[in-house]
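# Fold and contact review
For reference, the chains in residue letters:
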Amino acid sequence: MPIKAPRGTKDILPQEVGVWQYLEETFREVCSLFSYQEIKTPVFEEAALFVRGVGEDTDIVSKEMYNFKDKGGRELSLRPEGTAPIIRAYLEHSLYKEIPLLKLYYSGPMFRYDRPQAGRWRQFHHLGVEAIGSPQPALDGEVIALALYFLKRLKIKELNLQLNSVGCPTCRKTYQEVLQKHLKDKLPLLCSDCQNRFLNNPLRILDCKKESCQEVVRTIPPIFDYLCGDCREHFEGIKEYLEEMKIKYILAPHLVRGLDYYTKTAFEITSTHLGAQNALGGGGRYDGLVETCGGPSIPAVGMALGVERIIIALQEERIELPLKKKEETFIATVGEEAKREGFKLLSQLRAAGLAADLDYRPSSLKAQMRQGDKKGARFVIIIGEEELKKGLVSLRDLRQGKQEEIKKEEVIKVLKERRKL
Ligand code: AMP
C-alpha cells in the first residue's frame, strides 16, 4: 500500500497553488500598504512557550499540541499559532529597543491535533499580523480594518465582524466571580472539561464547543456590564473608530476565543457560507503577553486569517480570482536538427526573461502541440524541416488562433510585442 499524507493534512497541488500564491501575494501587498513588515519564525518552538503564552487550560495547549522530544531531549512543539513565537522573537532580538511600535505580518503553516472535518485541518495556514507597542484602540481598529480590507480585495462579501472585550486581569476577576455565581447550580449541565474549568479558568467555559455547554453559556450575563473604566473606555474607542471607518460590527458578549492571552478586544470575522467552522479569522489585544514571555510590559494587538477557510468562502461565493494568465511559449520540433535548434532557442528565450519549455520526450509533432496546449502555453513555436531550410520558425498564438512565419533572429522581439496584445 502506498503511503498517504497524514490525517488532517492536505497536499496543495500545482493546479490549486495559483490561488494560494494569489492570496499570499495580495496579503503581502495589503500589509505593505498598511506599513507592516514580514517576519518568519521557526515552525517548532520550545513547548513551554505555548504553555506559558497561550495558556495551559486552553484546548490548543492541553489537547491539540503536537509535542515531541528531539534527540537532545528538548521538549518541543509544532507551533499551533503564530503570536507567541513572534513575541519570543521580539524579545530575543530586543526589537522593542529599536522601534517603539513594531508592525509585523507573517504567513505559514500551523499545527493542531483536532478532529479533522470540513474547514478544520491538523496542518492549516495562517495569514496574520501583530502590532506591538501601543495601547491605543485605533491600533485595534487598524488591525481589524486590515483584515477586512484584505478580504474585500478578494471580493468576499458575506462577512460579519463579531466584537467583544474580554477585559483586563482586574475586571476579569470580577467577571469570573459573576460567572462562578451564575454557573454554580448549572454545573451538572456542563461537560467534564468545563466542570474543571469552573474553578481554574471559568472564562474558558464560554469557548467550549459542546452544544450542551453553549446552551448554558447563552444564559450568562454579558461581560460588557462588568468592564472596568479603562477597558470600557477602550472598547468605546474601538467602536468609535469602526463607526468612523464605516465598518459594521455585531456585539458578541460571549466571544472569548481559544487563547488565554487576550485582554480587552476580542474579535472574529465570520462568513455566512462556512457552516459550523464559520470563522475566517480573528484576533484581539494581548497587553500582558510580552510580560508573560519574560519581557517588559508592552501592549499589543493582532489577528490571523485561515487560508483554507478563505478558499472555501471563495468557492462558496463563486469568486474567480484574477489569476495571472500564463504567457509561456512551448517549442515543438520535428527531427534531430530542429530539436537542437529548439534547445538553442529555448535558452535564448529564457535568457531574455521569456518563460518557455519544450517536450523532453521523443514525441510526434501532434503530441507536442497537445502538450503545449495542456500546459496552457500562450504561444507555440514550431521548427520543422521547412522552417530550418528557410531560417524561419512558425509562431502560433493559441489565444488569438493565428499562425505566422517569422525570422529566427526576430523571435524574441516579436514574442515581446505579441505578449502585450
Ligand atoms: P485562531 O488562532 O484559532 O483564532 O485561528 C484563526 C483562524 O485560523 C480561524 O478563524 C480559522 O479561519 C483558522 N483555523 C483555526 N484552526 C483551524 C484548523 N484546525 N483548520 C483550518 N483552519 C483553522
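Within every chain, residues take consecutive numbers counted from 1 along the sequence as written. At least 70 in pLDDT is required for a residue's local features to be given in this predicted model, at least 80 for side-chain atom pairs to be given and counted, and no such filter applies to totals for whole chains, interfaces and linings, which use all residues. Processing note: side-chain calculations cover all non-hydrogen atoms of the structure and skip hydrogens and water entirely.

Even without being a glycine, Lys155 presents a positive backbone phi close to 70°. Residue position: Lys155 is located in the loop between α6 (137-153) and β7 (159-165). Buried means the residue's accessible area, taken with a 1.4 Å probe over protein chains only, is under 20% of the maximum for its type, while exposed means over 50%, and partly exposed covers the values in between. Take Lys155: its relative accessible area is 55%, and that puts it in the exposed class. With phi around 55°, Lys264 is a residue other than glycine that occupies positive phi space. Going along the chain from the N terminus, every DSSP run of H or I of four or more residues is numbered as a helix, and every run of E of two or more is numbered as a strand. The residue Lys264 is located in strand β9 (residues 263-271) in this model.

The length a helix should cover is 1.5 Å for every residue beyond the first. With 15 residues, helix α7 (residues 169-183) ought to run about 21 Å at 1.5 Å a step, and its terminal C-alpha atoms sit 20 Å apart, in line with that. Of the residues making up α7, those classed as buried are Cys171, Arg172, Tyr175, Val178, Leu179 and Leu183. Along the long axis of α7, the arc covered by the buried residues comes to 120°, so they all point the same way. Those residues of α7 that are exposed and aimed more than 90 degrees away from the buried face are Pro169, Thr170, Lys173 and Lys181. It only takes one pair of heavy atoms within 4.5 Å for two residues to be counted as in contact. Contacts made by the buried residues of α7 are with α8 (192-200), α9 (211-217), α10 (229-244) and β9. When we speak of the arc, we mean the arc of directions from the helix axis to the C-beta atoms.

Here we take up the domain arrangement of the protein. Reported domain spans reflect what an automatic or database domain assignment gives. Domain boundaries assigned for the protein yield domain 1 (14-168 + 228-316) and domain 2 (329-419). On a C-alpha basis, the centroid separation for the pair domain 1 and domain 2 is 48 Å.

Our next topic: the site of the ligand. Within the structure, the ligand sits among 13 residues, and Arg112, Trp121, His126, Arg257 and Ala279 are positioned closest to it. Any pair of nitrogen or oxygen atoms within 3.5 Å is treated as a polar contact; in protein, a donor-acceptor pairing is required on top of that, and neighbouring residues in sequence qualify only through side-chain atoms on both sides. For the ligand, an oxygen atom lies 2.9 Å from a polar atom in the backbone of Ala279. Here the open area of atoms and residues is found with the Shrake-Rupley method and a 1.4 Å probe, where only the protein chains shown may cover a residue. Protein coverage of the free-state accessible area of the ligand, which is 480 Å², stands at 90%. Elements supplying a minimum of two residues to the shell around the ligand: β6 (123-132), β10 (279-285) and β11 (300-306). When residues in the shell around the ligand are grouped by element, the largest group, 3 residues, is from β10. For each residue, the test is whether any non-hydrogen atom lies within 4 Å of the molecule or strand; if one does, the residue is near.

Moving on to the packing of helix α1 (residues 14-33) against helix α12 (residues 307-316). Lines fitted to the C-alpha atoms define the axes, with helices restricted to the stretch that makes contact. Angles between their N-to-C directions range from 0 to 180 degrees. It is at 11 Å that the axes of α1 and α12 come closest, and there the two elements cross at 110°. Taken together, the axes of α1 and α12 lie roughly perpendicular to each other. Once α1 is placed against α12, the crossing between them reads as right-handed. Facing Val19, Trp20 and Leu23 of α1, the residues of α12 in contact are Val307, Glu308, Ile310, Ile311 and Leu314. Every angle not falling under 35 degrees, over 145, or within 65 to 115 is termed oblique; those three ranges are roughly parallel, roughly antiparallel and roughly perpendicular. Handedness of each helix crossing follows the sense of rotation of the near helix against the far helix: counterclockwise by less than a right angle gives left-handed, clockwise gives right-handed.

Stacked, tilted and edge-to-face pairs are distinguished by plane angle, under 30 degrees for stacked and over 60 for edge-to-face with tilted covering the rest, among Phe, Tyr and Trp rings (Trp via its six-membered ring) whose centres lie within 6.5 Å. Inspection of the entire model under this criterion finds 11 aromatic pairs. For the ring pair Phe27 and Phe150, a centre distance of 5.2 Å and an interplane angle of 80° mean the geometry is edge-to-face. Within this pair, whereas Phe27 is found in helix α1, its partner Phe150 is found in helix α6, the two being separated by 123 residues in sequence. Looking at Phe27, the relative accessible area reads 1%, which means it is buried. Classification of Phe150 as buried rests on a relative accessible area of 0%. The rings of Phe27, Tyr105 and Phe150 are connected pair by pair, giving a single aromatic cluster. Taking NZ or CZ as reference, Arg122 lies 3.9 Å from the ring centre of Tyr113, over its face. Only when the NZ of Lys or the CZ of Arg is both within 6 Å of the ring centre and within 35 degrees of the ring normal is a charge said to sit over the ring.

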